[in-house]
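Examination of the molecular architecture
Residues per chain are reported as follows:
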Amino acid sequence: MKKRGKGIACVVYGIGNTGAANPAAAFVEVLPDGSVQVLVGAADIGQGSDTALGQIAAEVLGVTFDCVRVTSADTAVTPEGGASSASRQTYVSGNAVRLAADQAKRILKDVAARLLAVAPESLRFGRGDIYSSDAPGKRVSVALVARQSRAEGRLPVGSGWFNPSFTALDAETGWGSPYATYGFGAQVAEVEVDTETGEVQVLNVWAAHDVGKAVNPTSVEGQIEGGVVMGLGQALLEEVVLTGGATLTDSCTTYLLPTIADVPDIATTIVEAPEPSGPFGAKGIGEPALIPTAAAIANAVADAIGVQITDLPITPEKVLKALSRRGGR
């Protein structure tokens, strides 16, 4: 017999290092052709940080994304960015890029104000141009202003660094304020359990996560979907088996990972509640998307068969044993 169930789980996740310094730095230069060079220490390991950081620089300087080149994680030329962990790079390195780009922008603004004979505070940046909100007809390209700035001996460059505010945890009580911001999320899983074989199939996952502001919604959606798939592996497949100190699951033939055949329909909802301390309101989404998945699946299995399994992964053997214990009672 096949039984279906649904389960929900929620997550509150501290963005960045726990109760410790968490800095990152960036350099930004506007080149004579109007393009922008960004140097950051953040390592893009597939999460899309190069794209997000490039977009932040483009937004500050009013240029299109294709005008921005990001050089990242090269210890010979890039500043410190910290680890690509704790869902921190969009938030921490993103702020560093924003501050560096803003410093370069102030230099361009001073030069453009003289060229256009307008007040610097009236200037706006967009689509590769600098223009006056008081006199829209007065505009000049970022490229021309960058060249003029160089001619005057002022390089349109900026540096920035950011370290989130925190209070270290008290060694005795554990009290403190270890994070500057938090990620929030909730997931619902629907499963089907075969009570004869013990097999669990995840049919649907609904995932809603507060990301502050989605710098790149497609990338955020990919992060959430990837986290769900990783959580599915944790819930149903992945297990380290040790015997006499030897690892028996030392290859992908014995340590099972989800394949595309295991991936359910995933419906994502991006919740945008801008974080005041984040770059344009953004914060992290990497690990928060993973954390509630296994719990939601376990709760769905319990809903389907009437007994809670708390030992992961939930293998067919564990399901059958749980059913047997319930039947015995």
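Attention in this report is confined to the structure presented alongside it. Counting restarts for each chain, with residues numbered from 1 along the sequence as it is written. Only residues with pLDDT of 70 or above have their local features reported here, since the model is predicted, and side-chain atom pairs are shown and tallied only from 80 upward, although totals for entire chains, interfaces and linings are computed over all residues. The basis for every side-chain value is the complete set of heavy atoms in the structure, and neither hydrogens nor water enter the calculation.

Take the overall build of the protein next. Across its full length, the protein holds six helices and 13 strands. In this description the radius of gyration comes from C-alpha coordinates, and the expected globular size is given by 2.2 Å times residues to the power 0.38. Relative to the 2.2 N^0.38 estimate, which gives 20 Å for 329 residues, the radius of gyration of the protein is 25 Å and therefore markedly larger than a compact globule would have. Along the three orthogonal principal directions, the C-alpha set of the protein runs to about 85 × 45 × 40 Å. The 329 residues of the protein split such that 45% are buried. Contact definition: two residues touch when any of their heavy atoms are within 4.5 Å. Sequence-distant contacts in the protein: of pairs separated by 6 or more residues, those separated by 24 or more amount to 72%. Carbon and sulfur atoms form 54% of the exposed surface of the protein, whose accessible area is close to 15700 Å². A helix here means a DSSP run of H or I that spans at least four residues, while a strand means a run of E at least two residues long, and both kinds are numbered starting from the N terminus. The rule is simple: take the accessible area with a 1.4 Å probe, protein chains only, and divide by the maximum for that residue type; under 20% is buried, over 50% is exposed, in between is partly exposed. Throughout, the Shrake-Rupley method with a 1.4 Å probe supplies accessible areas, and for residues the shown protein chains are the sole cover considered.

The next point concerns the sheet that holds strand 10 (residues 200–210). If you trace the four strands from one edge of the open sheet to the other, you get 1-9-10-13, paired in mixed fashion. At either margin of the open sheet sits one strand with a lone partner, and together these are strand 1 (2–14) and strand 13 (265–271). Averaged over all pairs of adjacent strands, the angle between strand axes in this sheet comes to 15°, irrespective of strand direction. For two strands to be treated as a pair, DSSP must find at least two bridges joining them. Note: strand 10 against strand 13, seven bridges, orientation parallel. In this analysis, axes come from line fits to C-alpha atoms, helices being fitted only over the stretch in contact, and the angle between any two N-to-C directions falls in the range 0 to 180 degrees.

With that settled, the discussion passes to the pattern of salt bridges. Salt bridge, as used here: a side-chain nitrogen of Lys or Arg that lies within 4 Å of a carboxyl oxygen of Asp or Glu. Applying the stated criterion across every chain yields a total of ten salt bridges. We note a salt bridge from Asp 210 to Lys 283, for which the minimum N-O separation is 3.0 Å. Highlighted residues: Asp 210 in strand 10 and Lys 283 in the loop between strand 13 and helix 5 (291–305), separated in sequence by 73 residues. Summarising the burial analysis for this pair, Asp 210 and Lys 283 share the class buried. The structure contains a network of salt bridges with shared partners spanning Arg 4, Glu 190 and Glu 192.

A word on empty space enclosed by the protein. A 1.4 Å probe that fits but cannot get out identifies a cavity on a 1 Å grid over protein atoms alone, an open set with protein on both sides within 12 Å along at least five of seven lines counts as a pocket, and a residue lines either if it has an atom within 4 Å of a point. Grid points are joined across faces, edges and corners, and a volume is the space filled by probe spheres set on the points. Scanning the entire structure with this criterion turns up one cavity of 30 Å³ or more. The volume enclosed by the largest cavity comes to roughly 40 Å³. Lining the largest cavity are Ile 15, Gly 16, Asn 17, Ala 20, Asn 22, Pro 164, Ser 165, Phe 166, Pro 178, Tyr 179 and Ala 180. Each residue gets one of three labels, nonpolar for Ala, Val, Leu, Ile, Met, Phe, Trp, Tyr, Cys and Pro, charged for Asp, Glu, Lys and Arg, and polar for the others, Gly among them. Residues that form the lining of the largest cavity fall into these classes: seven nonpolar, four polar and no charged.

Here a helix's expected span is defined as the number of its residues, less one, multiplied by 1.5 Å. Between its first and last C-alpha, helix 4 (residues 217–236) extends 29 Å over 20 residues, near the 28 Å set by a 1.5 Å rise per residue. For helix 4, the set of buried residues is Val 220, Ile 224, Gly 227, Val 228, Gly 231, Leu 232, Gly 233, Ala 235 and Leu 236. Residues of helix 4 that are buried make contact with strand 9 (182–194), strand 10, strand 13 and helix 5.

What follows is about the side chain of Ser 132. Examined against the element boundaries, Ser 132 turns out to sit in strand 6 (residues 129–132). Take Ser 132: its relative accessible area is 1%, and that puts it in the buried class. Polar contact criterion, stated in full: a pair of N or O atoms within 3.5 Å, where within protein one must be able to donate a hydrogen and the other to accept it, and residues adjacent in sequence count only if both atoms are side-chain atoms. Within the structure, the side chain of Ser 132 is placed 3.2 Å from the backbone nitrogen of Asp 134, a separation counted as a polar contact. A polar contact of 3.3 Å, which involves the side chain of Ser 132, links it to the backbone nitrogen of Ala 135. For Ser 132, the residues in contact, after removing those within four places along its chain, are Val 118, Ser 122, Leu 123 and Lys 138.

Running from amino to carboxyl end, helix 1 (residues 49–61) crosses helix 2 (residues 89–116) at an angle of 30°, the nearest separation of the two axes being 8 Å. Between helix 1 and helix 2, the angle falls in the class roughly parallel. Considering only the axes of helix 1 and helix 2, their crossing is right-handed. Of the residues in helix 2, those in contact with Ser 49, Ala 52, Leu 53, Ile 56, Ala 57, Val 60 and Leu 61 of helix 1 are Gln 89, Thr 90, Ser 93, Gly 94, Val 97, Arg 98, Ala 101, Asp 102, Lys 105 and Leu 108. Angular relationships are summarised with four words: roughly parallel below 35 degrees, roughly antiparallel beyond 145, roughly perpendicular across 65 to 115, and oblique for the angles in between. Throughout, a crossing is termed right-handed when the near helix is turned clockwise from the far one, and left-handed when it is turned anticlockwise from it by less than a right angle.

Attention now goes to the packing of aromatic side chains. The aromatic pairing rule takes the rings of Phe, Tyr and Trp, using the six-membered ring of Trp, and pairs them if the centres are within 6.5 Å, calling planes under 30 degrees apart stacked, those over 60 edge-to-face and the rest tilted. For the structure shown, the criterion picks out two aromatic pairs. Between Tyr 91 and Phe 162, the ring centres sit 5.6 Å apart and the planes meet at 85°, which makes this aromatic pair edge-to-face. Of the two residues, Tyr 91 is situated in helix 2 and Phe 162 in strand 8 (residues 157–162); the sequence distance between them amounts to 71 residues. As far as burial versus exposure is concerned, Tyr 91 and Phe 162 are alike and both buried. For the ring pair Tyr 179 and Tyr 182, a centre distance of 5.4 Å and an interplane angle of 75° mean the geometry is edge-to-face. The partly exposed category is assigned to Tyr 182, whose relative accessible area is 29%. Think of it as a cone above the ring: NZ of Lys or CZ of Arg counts as a charge over the ring if it is within 6 Å of the ring centre and within 35 degrees of the ring normal. Positioned above the aromatic ring of Phe 125 is the side chain of Lys 105, whose terminal nitrogen or guanidinium carbon lies 4.9 Å from the ring centre.

Bringing the sheet that holds strand 8 into the picture now. An order of 4-3-2-8 is seen for the four strands of this open sheet, with the pairing classed as mixed. Every other strand in the sheet has two partners, leaving strand 4 (68–72) and strand 8 as the edge strands with one partner each. Here the strands of the sheet are splayed against their neighbours by 15° on average, with no regard to which way each runs. Bridge count for strand 3 (residues 36–40) against strand 4 is five bridges, and the pairing is parallel. Bridged to Val 36 within strand 4 is Val 68. Across the sheet, helix 1 touches strand 2 (24–30), strand 3 and strand 4, and the angle it forms with strand 4 is around 135°. Helix-sheet contacts for helix 2 involve strand 2, strand 3 and strand 8, and the interaxial angle to strand 8 is about 150°.

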